[in-house]
Amino acid sequence: MARTNAPRNKRQVTVFIMLMVLREVGSESIQYSVLEETEVGTFVANLTKDLGLRTGELAARGARLVFKGNRQRLQLDPQTYDLLLNEKLDREELCGSTEPCLLPFQVLLENPLQFFQAVLRVRDINDHTPEFPAREMLLQISEITTPGKIFPLKMAQDLDVGSNSLQSYVISSNSHFHVLTRNRSDGRKFPELVLDKALDREGQAEFRLTLTALDGGSPPRSGTAEIQIRVLDINDNAPEFAKELYEAQVPENNSLGSLVITVSARDLDAGSYGEVSYALFQADDVNQPFEINAITGEIRLRKMLDFEKFTSYHVDVDATDGGGRSGKCSVIIKVLDVNDNAPELTMSSLSSPIPENQPETIVAVFSVSDADSGHNQQVICSIDDNIPFLLRPSVENFYTLVTQGALDRERQAEYNITITVTDMGTPRLKTQHNITVLVSDVNDNAPAFTQTSYTLFIPENNSPALHMGSVSATDRDAGANAQVTYSLLPPQDPSLPLDSLVSINADNGHLFALRALDFEALQAFEFLVGATDHGSPALSSQALVRVQVLDANDNAPFVLYPLQNGSAPCTELVPRAAEPGYLVSKVVAVDSDSGQNAWLSYQLLKATEPGLFSVWAHNGEVRTAWLLSERDAAKHRLLLLVKDNGEPPLSASVMLHVLLVDGFSQPYLPLPEVAAAAAQTDPLTVYLVIALASVSSLFLFSVLAFIAVRLCRRRRAGLVGGCSVPEAQFPSHLVDVRGTGTLSQSYQYEVCLTGGSEASEFKFLKPILPSFPSQGTWEGIEGKPHLLE
């Protein structure tokens, strides 16, 4: 009973294992790679990680490797179960020239049963040298061989593959030969020896050259062979035909003189020994319908053939060289009974050009015919499928060619149509007739600008008639329908004097500025340009042009403060007790330009005592640089420069006089040049100045006395004691100029002489209010004194 069940259980286990194998065969293979000749025991991969298993699972499940033929190329490490190399692998022994070299194997897990497909790829190293099948080669070459002659050589073999395989051939240095490397259809390379220089047996009867084959390894390996070349001096070669037996088929209706076949014989000799002449060996020269060209070997008809009389001919051909040596071949010529008349096409009418946009226009009318009879006379007519034309059969073998729909000249202006007529004979003969159909233009396309809008940048102060830019429009039509005229369209803004600003060339679309543009007056404007074709009816389109005027640095800075009037600049009073950084004055200037052209910087050009005063470059504040002392001069002249940031920069200068005083008791000190001029003035002017000074002094004294009395009364009301008038000192805010470029509301005293007055006029001390005229009213102030009255 046990013996009976054992085979059945074995078959069941076998079926189960086969099912498991089939289930795993379709799974994706894991690929590993090693270099050939790698040492035994080299680590290949972490098999546990690659299979996605837990550590120790391979050992627990009894993992093992299964190779084809039970040749264990790899092994599992007993401790880690990593994949290790079990033997040195020779790629050439395992796979030969096959690339890539793949060795499939399976990883078998026994408990539970599971297979994993894997592949080991053996990568090539350059471990083989190219080898020639023979160490020596012998060539016999006639001394009359012409340069350029090619002699095939034996090919070397390299067992490596890829870049390590054989790549090229070289030959030892000589003056008569060089070697070429050719590729075969299977990718292998073979050498050919080329004669560079004519040989002379009397000069050198033998050559010994070394042929070297190189592979592409790094470093490359090479193999050599010796070539022995003997130079021959006799006619030692007979003509040899390319074939011993030639076969040809000739239709029975071939015309006289038509080519039947060409035979060719080759003689390796040179000169007259290599010249071959051909002749026919025929039993009956009179009845033979063929003749041969003695030089070219062309066999042609000299009589008409008749299939019903002779179905084939056997002809012997002799080839003889100049030395009398000869070779022979045979030619079998079969006569064919075939359909020997091709169809004919007769064009009755052809219309070209035809207008576009007109469907089903008749282009051509033609007829077809065939001179054969019966089945060979039946014909079919066709044209290409990818053109918008149709063939329509008419009466008695007539056809009409019509347009399939409306044609568009802009898409295709010309059609080359091939009409093919084929008969039904065996073999089928056909005739092709080519016609060219032109499509005439209709004005159905408006001009199109290359851009929907154009933006032009023009610097201000441009010269009149400046070329600002161009607009361009194209018309897909042809002839007069494609000619475009440009024009300026009326501006959308009626207040824009477009006609005085811009003009356009009607032929090419060039735009010109008619006058100089001023950025301060007009920063940008836009207008429409039209393009009209010359078709009938005329079609047009338009594009928007935006002109941006670029600001140029054409306005120098204008100094608002200190005001200047000729040779009498303003004088600022500074107490000697002023601390360093004391605000003496502030230069206020504006620039009517924009952007960086209006950025202003300030600079102190000259000073009576350099270093005593400084000016802040960004806000124009003039301040003391250090503590003033009694040794410093009382009068100082500062020349200040205001410069913009344009290119080139423009600037303006202003003169500022500074007077150092100990208090209010010294409100005015005459300038040296003014005092010198006063000595020469008219006495009446001197008296007038004295009178004005007296009145001013009396007025000032009255004001001071009034202020002192008021102060005494206040102090008496709040304190018990006497009253004293404080020493007159300049307050710290005597000259307070804010960073905004305007004067503060504090009172400021200034002593000035008006320009050109010298000693005849005198300005009383008055408070300067911080109100400045607007930019629009500065023009009315230019002719007035530069002092606020």
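Heads up: the structure comes first, above all this text.
Draft legend 1. Up close: the overall build of the protein chain. Per the secondary structure count, the protein chain includes seven helices and 50 strands. Out of the 789 residues belonging to the protein chain, those deemed buried represent 38%. Summarising the internal contacts of the protein chain: among those between residues at least 6 apart in sequence, 66% fall at separations of at least 24. Here the protein chain displays about 44300 Å² of accessible surface, and carbon together with sulfur accounts for 52% of that area.

Draft legend 2. Structural view of the packing of aromatic side chains. Considering all chains together, one arrives at nine aromatic pairs under this definition. Arranged with centres 5.7 Å apart and planes meeting at 15°, the rings of Phe366 and Tyr399 form a pair that is stacked. Of this pair, Phe366 sits in strand 26 (residues 362–369) while Tyr399 is found in strand 29 (residues 398–403), placing the two residues 33 residues apart along the sequence. In this structure, Phe366 and Tyr399 share a single accessibility class: buried. With a centroid separation of 6.1 Å and 25° between ring planes, the pair formed by Phe525 and Phe527 is classed as stacked. According to the relative accessible area criterion, Phe525 is buried, its value standing at 7%. A relative accessible area of 2% places Phe527 in the buried class. Pairwise contacts between aromatic rings join Phe449, Tyr454 and Tyr486 into one cluster.

Draft legend 3. Structural view of the sheet that holds strand 34 (residues 466–470). One open sheet holds the three strands; their spatial order is 34-38-37, and the pairing between them is antiparallel. Looking at the sheet topology across the chains shown, the edges are occupied by strand 34 and strand 37 (502–504). Looking at each pair of strands side by side, their axes are set apart by 30° on average, direction ignored. One ladder, built from four bridges, connects strand 34 with strand 38 (residues 510–513); its direction is antiparallel.

Draft legend 4. Geometry of the sheet that holds strand 28 (residues 389–393). Spatially, the four strands line up as an open sheet ordered 24-26-29-28, and their pairing is antiparallel. Whereas interior strands pair on both sides, the edge strands pair on one side only; in this sheet they are strand 24 (344–350) and strand 28. With direction set aside, neighbouring strand axes in the sheet form an average angle of 25°. For strand 24 and strand 26, the ladder comprises six bridges, and the chain directions are antiparallel. Of the residues in strand 26, the one forming a bridge with Glu344 is Ser369.

Draft legend 5. Looking closely at the environment of Ile229. Looking at the secondary structure, you find Ile229 in strand 14 (residues 222–232). As for Ile229 and Met137, which are separated by 92 residues in sequence, their C-alpha atoms are 8.3 Å apart. Residues within four places of Ile229 in sequence aside, it is in contact with Leu139, Ile141, Phe177, Leu193, Ala205, Glu206, Phe207 and Leu209.

Draft legend 6. Highlighting the state of the cysteines. Per the counting criterion, the structure on display carries one disulfide. Paired by a disulfide, Cys95 and Cys101 hold their sulfur atoms 1.9 Å apart. Disulfide Cys95-Cys101: torsion about the S-S bond near 65°, hence right-handed. On the basis of relative accessibility, which here comes to 17%, the residue Cys95 falls in the buried class.

Draft legend 7. Fine view of the side chain of Asn445. Mapped onto the fold, Asn445 is located in the loop between strand 31 (430–440) and strand 32 (448–449). Residue Asn445 is classed as buried on the basis of its relative accessible area of 15%. Engagement of the side chain of Asn445 in a polar contact is seen with the side chain of Asp477, the distance being 3.0 Å. For Asn445, the contacting residues outside a window of four places in its chain are Glu410, Asp475, Arg476, Asp477, Asp533 and Leu539.

Cut-offs and rules
For every chain, the first residue of the written sequence is number 1, and numbering continues from 1 along that sequence. This being a predicted model, a pLDDT of at least 70 is required before a residue's local features are given, and a value of 80 or more before pairs of side-chain atoms are given or counted; all residues contribute to the totals for chains, interfaces and linings. Note that water and hydrogens are dropped before the side-chain values are worked out from all heavy atoms of the structure. Strands here are runs of E lasting at least two residues and helices are runs of H or I lasting at least four, both read from the DSSP assignment and numbered beginning at the N terminus. Each residue's exposure class comes from its accessible area (1.4 Å probe, protein chains only) as a fraction of the maximum for that residue type: buried when under 20%, exposed when over 50%, partly exposed otherwise. Any pair of residues with heavy atoms lying within 4.5 Å of one another is described as a contacting pair. For every accessible area listed, the method is Shrake-Rupley and the probe measures 1.4 Å; residues are considered covered only by the protein chains on display. Classification of ring pairs uses Phe, Tyr and Trp, with its six-membered ring standing for Trp, and accepts pairs whose centres are within 6.5 Å; under 30 degrees between planes counts as stacked, over 60 as edge-to-face, and the remaining range as tilted. Two strands pair under a simple rule: DSSP has to find at least two bridges between them. To obtain an axis, a line is fitted to C-alpha atoms, over the contacting stretch when the element is a helix, and the angle between two such axes runs from 0 to 180 degrees between their N-to-C directions. Here, a disulfide means two cysteine sulfur atoms that sit within 2.5 Å of each other. By the criterion applied in these results, polar contacts are pairs of N or O atoms within 3.5 Å in which, for protein atoms, one can donate a hydrogen and the other can accept it, and in which residues neighboring in sequence qualify only through two side-chain atoms.

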